[in-house]
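Letter by letter, the chains look like this.
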There are 2 protein chains.
Amino acid sequence: MKATIRSVAKLAGVAPSTVSHYLNQTAPLSAATAKNVEQAIAALNYRVNLGARNLRLRKTNSIGVVIPNITSPFFGEIAAVMENKLWERGFQTLLCISERSPERELSQVAHLVSRQVDGILLVYCSQKSRVAETLKNISVPIVFVDRRVPDQYSICTDNFLGGRLAARHLATLGHRVIGLLCGEPSVENVAERIEGFKLELQRFGLEVPEAYRAKGRQDLQLGLRITDLLQLEPRPTAIFATNDIVAIGAWRKLVESGFRIPRDISIMGFDDIAISRFLVPPLTTVAQPYREIGGKAVEMLVDLVQAGETATPAEKSVILAPTLKVRGSTAPLKKGGVDGKAIDGRLPERTKAVSPPKSKRPTSKGASRPLKS
Amino acid sequence: MKATIRSVAKLAGVAPSTVSHYLNQTAPLSAATAKNVEQAIAALNYRVNLGARNLRLRKTNSIGVVIPNITSPFFGEIAAVMENKLWERGFQTLLCISERSPERELSQVAHLVSRQVDGILLVYCSQKSRVAETLKNISVPIVFVDRRVPDQYSICTDNFLGGRLAARHLATLGHRVIGLLCGEPSVENVAERIEGFKLELQRFGLEVPEAYRAKGRQDLQLGLRITDLLQLEPRPTAIFATNDIVAIGAWRKLVESGFRIPRDISIMGFDDIAISRFLVPPLTTVAQPYREIGGKAVEMLVDLVQAGETATPAEKSVILAPTLKVRGSTAPLKKGGVDGKAIDGRLPERTKAVSPPKSKRPTSKGASRPLKS
DNA sequence: AACCACATTGAAATCGCTTTCATCGTTGAA
DNA sequence: TTCAACGATGAAAGCGATTTCAATGTGGTT
């Protein structure tokens, strides 16, 4: 039978309240009793029952974390940062993986509330509207992570800016025919990256025709779809993938097909996950401020929890700027291409696969010619 | 103010116990009262306070998971599998990341016990002895994951066998001069892989001299240390890294230095993490049965929790067999080398870096010549 | 009419802890 | 000597649930 505060008290010959006072230093004890209690605790190997304490205190010192998954490097990193920060601040992390299932996510949030968590860190996968609606009558403070939610506590990278940085980089290098590997646009973050990318491209008088975009769930598999883009005429000289994982998937096909990066084709990603630096050449990418995202989210939430009703911070929705990491996988376009006609149209020498551009040329004259300046 | 069972009872005009009966279907209610209660619950948006229930029931339906980190693909995968399985089984996961700190690990376990978790899944980073000792007087069921602990509930890959598989593969391909990139041997899993590797190699009359081993913490950085091995004479024709991450780190240096894999050098890893399949060529590796490890661990623990004192399963320590995944990064030795002399000693053509073998030849004559058959 | 069985409902104890506030010496000052 | 002040301790209430068991009402039997 587990030791309780009562059993300790009995052994020490004092009242339970005295033991409690000893534990919490909430009243001065004579040296003698203190010693007695101490010994009794040691003898029984007593540990306070936090469940009971929490019930009494109406505070659990625990925070629920709901996240689509933790195996993807990006989310994994975020989750790790948050757990660490929470532990430092004295909070226990209740981890919930939604596996991108809105139903599951919702029931997890409900469950966490039932468990009386002091707050919730949520990387939602549902539609924004739905989340907002169901969370309306929840009394627990919530901070949205990696999601932009106006008027709510939220913290997120400026994906739009990230998209622009990518576009500017590629355009500045002289690329005119650019392919896109993008996640589902229903994911807001992806949509914003694309949006930013397109917008900045326009400034250079460029665009990415529909045919030059491969869409799908953001994972390694999606990267493989790059083969579709490679068959296009003119062939893209640069690829922007909406995250690094996708870029790495594409990388594989590229190298297998005999392309040399960046000589034959430039490629860049988004996120800056750990392995990206370790590719050869290392992957150019738009880096998200992982630590800041996770760290700030926790701080925000903890402040919220500790503030109680009082003192609401000024800015609720924080947006962090990403940074461009120029590395080896992108290079200036060889012998400046003009007029939307790709030079160097031939496949690179050691090419194996990638069926050679069949006679079916795209009808659109100059599919990606510069827009009206 | 949050709704309690009492407030619901009052609104419904019944006693709290009746509401409880309604919630838990522990007594039959007349249709009328049931409806009343139901409406009151809906009206107040009442959700049971699991903290209070748990206190009363002396069961929290929560499991503590302590793991060195979740950002490494291997642990991340395991953690994800466990969380999923636990959620399915109705348990909340309390995640604790020890960050490879034994102190932290211990205090986390203690904390979890204080929180009255029903059980603990532990991937310990302390020394085995120390863990065993401090956990001796803990009353909560524990299952050790990815660690072999005789006489305790534990589940682990057969690392020794894994090492042997790797050695046999490389030896069979004809490699005679083999380099090792190994994690710290103080980590038992690593030690066992090495042990198995050495043993199997001996069967082929081979050995790996001390100079051909680079040691360090198992991460991307360690892989870079392969440069040390490349300067050896004779140069190794194959590399075994004790996990995939390390192999990938080495991969980078290798390719940067102009080596072609597997033409110029073979390399293999351990774990079979997701990206390994996506390298070009894909990485040969010894695959750990992730899902089985995580899944079985959860099942074992849940059984333990639910069995209570009764019925202890026969086998406490489960060992799972890894499988060899032969992929593209290993190949037969070109023109069989004999006598411990590496043929093809020259650097591959397009070599850039890797300072050429300076005149200082290793004194040991035939450092890795075949052992007595 | 008296009695009993059965179906509902609720009073009260309890889980393990915190916290208020009263109590009970002691002690120093008047 | 008396009293106020103080330091140390403990009795009891309460956090929000569950669960036992008694109480109540109903209807069917004899």
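How each quantity is defined
- Residues numbered from 1 in each chain as written.
- Chains lettered and ligands numbered in written order.
- Predicted model: local features only at pLDDT ≥ 70, side-chain atom pairs only at ≥ 80, totals over all residues.
- Heavy atoms only, no water.
- Least-squares fit on C-alpha atoms with pLDDT ≥ 70 in both.
- Near = heavy atom within 4 Å.
- Polar contact = N/O pair within 3.5 Å; in protein donor to acceptor, adjacent residues only side chain to side chain.
- Helix = DSSP H or I, 4+ residues; strand = E, 2+ residues; numbered from the N terminus.
- Pairing = 2+ DSSP bridges.
- Axes fitted to C-alpha atoms, helices over the stretch in contact; angles between N-to-C directions.
- Contact = heavy atoms within 4.5 Å.
- Buried < 20%, exposed > 50% of the residue type's maximum accessible area, 1.4 Å probe, protein only.
- Buried area = accessible area lost by both parts, 1.4 Å probe.
- Salt bridge = Lys/Arg side-chain N within 4 Å of Asp/Glu carboxyl O.

Visitor: What exactly am I supposed to notice about the relation of the copies chain B and chain A here?
Guide: Two chain copies, one operation linking them: a rotation about an axis together with a shift along it. Between chain B and chain A, the superposition needs a rotation of 180° and an axial shift of 0.1 Å, giving an RMSD of 0.2 Å. Both copies are brought into coincidence by an operation consistent with a two-fold rotation axis. Judged by C-alpha distance, Leu-94 of chain B is the residue of chain B that lies nearest the rotation axis, at 2.3 Å.

Visitor: For this particular structure, what's the right way to read the protein's contact with DNA strand C?
Guide: Of all residues adjacent to DNA strand C, which total 27 residues, the nearest are Ile-5, Tyr-46, Arg-53 and Arg-56 of chain A together with Thr-18 of chain B. Sugar and phosphate atoms constitute 64% of the interface atoms of DNA strand C, taking the interface as everything within 4 Å of the protein. Contact distances for DNA strand C include 3.0 Å between a phosphate oxygen and a backbone N or O atom of Asn-49 of chain A. Here a phosphate oxygen of DNA strand C and a backbone polar atom of Ala-15 of chain B are 3.1 Å apart. Looking at the surface near DNA strand C, the elements that each hand over two or more residues are α1 (5-12), α2 (16-24) and α4 (50-57) of chain A together with α2 (16-24) and α4 (50-57) of chain B.

Visitor: What's the story with the sheet that holds strand β9 (residues 266-271) of chain B in this structure? I'm lost.
Guide: Sheet strands associate in pairs through backbone hydrogen bonding, adopting either a parallel or an antiparallel arrangement. All names here are of chain B. Strand order in the open sheet made by the six strands is β7-β6-β8-β9-β10-β12, with mixed pairing throughout. Across the chains shown, the open sheet's two edge strands, defined by having one partner strand only, are β7 (213-216) and β12 (323-325). With direction set aside, neighbouring strand axes in the sheet form an average angle of 15°. Of the strands in this sheet, β6 (178-183), β8 (238-241), β9, β10 (284-287) and β12 are in contact with helix α8 (residues 159-172), which crosses β9 at around 165°.

Visitor: I would appreciate a short explanation of the pairing of strand β5 (residues 154-157) of chain B in the present structure.
Guide: Two faces, one strand: in a regular strand the side chains alternate between the faces of the sheet. All names here are of chain B. Taking every second residue as pointing to the same face, both faces of β5 are buried, with Ser-154 and Cys-156 on one and Ile-155 and Thr-157 on the other. When strand β4 (residues 142-145) meets β5, the two strands line up parallel, connected through two bridges. Bridging across to β5, Val-145 finds its partner in Ile-155. In this sheet, strand β11 (residues 317-320) lies alongside β5 in parallel orientation, the contact comprising four bridges. Within β11, the residue paired with Cys-156 across the bridge is Ile-319.

Visitor: Teacher, can you tell me more about the protein's contact with DNA strand D here?
Guide: As a structural note, the neighbourhood of DNA strand D is formed by 29 residues, with Thr-18 and Arg-56 of chain A together with Ile-5, Asn-49 and Arg-56 of chain B the closest of them. Backbone sugar and phosphate groups make up 64% of those atoms of DNA strand D lying within 4 Å of the protein. Side-chain polar atom of Arg-56 of chain A to a base nitrogen of DNA strand D: 3.1 Å apart, as the coordinates give it. Those elements that provide at least two residues to the surface near DNA strand D are α2 and α4 of chain A together with α1 (5-12), α2 and α4 of chain B. In terms of residue count, α4 of chain B provides more of the surface near DNA strand D than any other element does, five residues in total.

Visitor: How do you make sense of the interface of chain B and chain A when you look at a structure like this?
Guide: Interface size is commonly expressed as the accessible area that is lost once the parts come together. Counting residues at the interface gives 57 residues for chain B, matched by 57 residues for chain A. Contact between chain B and chain A buries roughly 4900 Å² in total, counting both sides, with carbon and sulfur atoms accounting for 60%. It is Trp-87, Arg-115 and Phe-278 of chain B that lose the most area in chain B upon contact with chain A, and together they represent 15% of the buried surface on that side. Inspection of the chain B/chain A interface yields two salt bridges. Residue Glu-83 of chain A is joined to Arg-104 of chain B by a salt bridge in which the shortest nitrogen-to-oxygen separation is 3.7 Å. Put simply, chain B and chain A have 20 residue pairs in polar contact (both at pLDDT 80 or more) between them.

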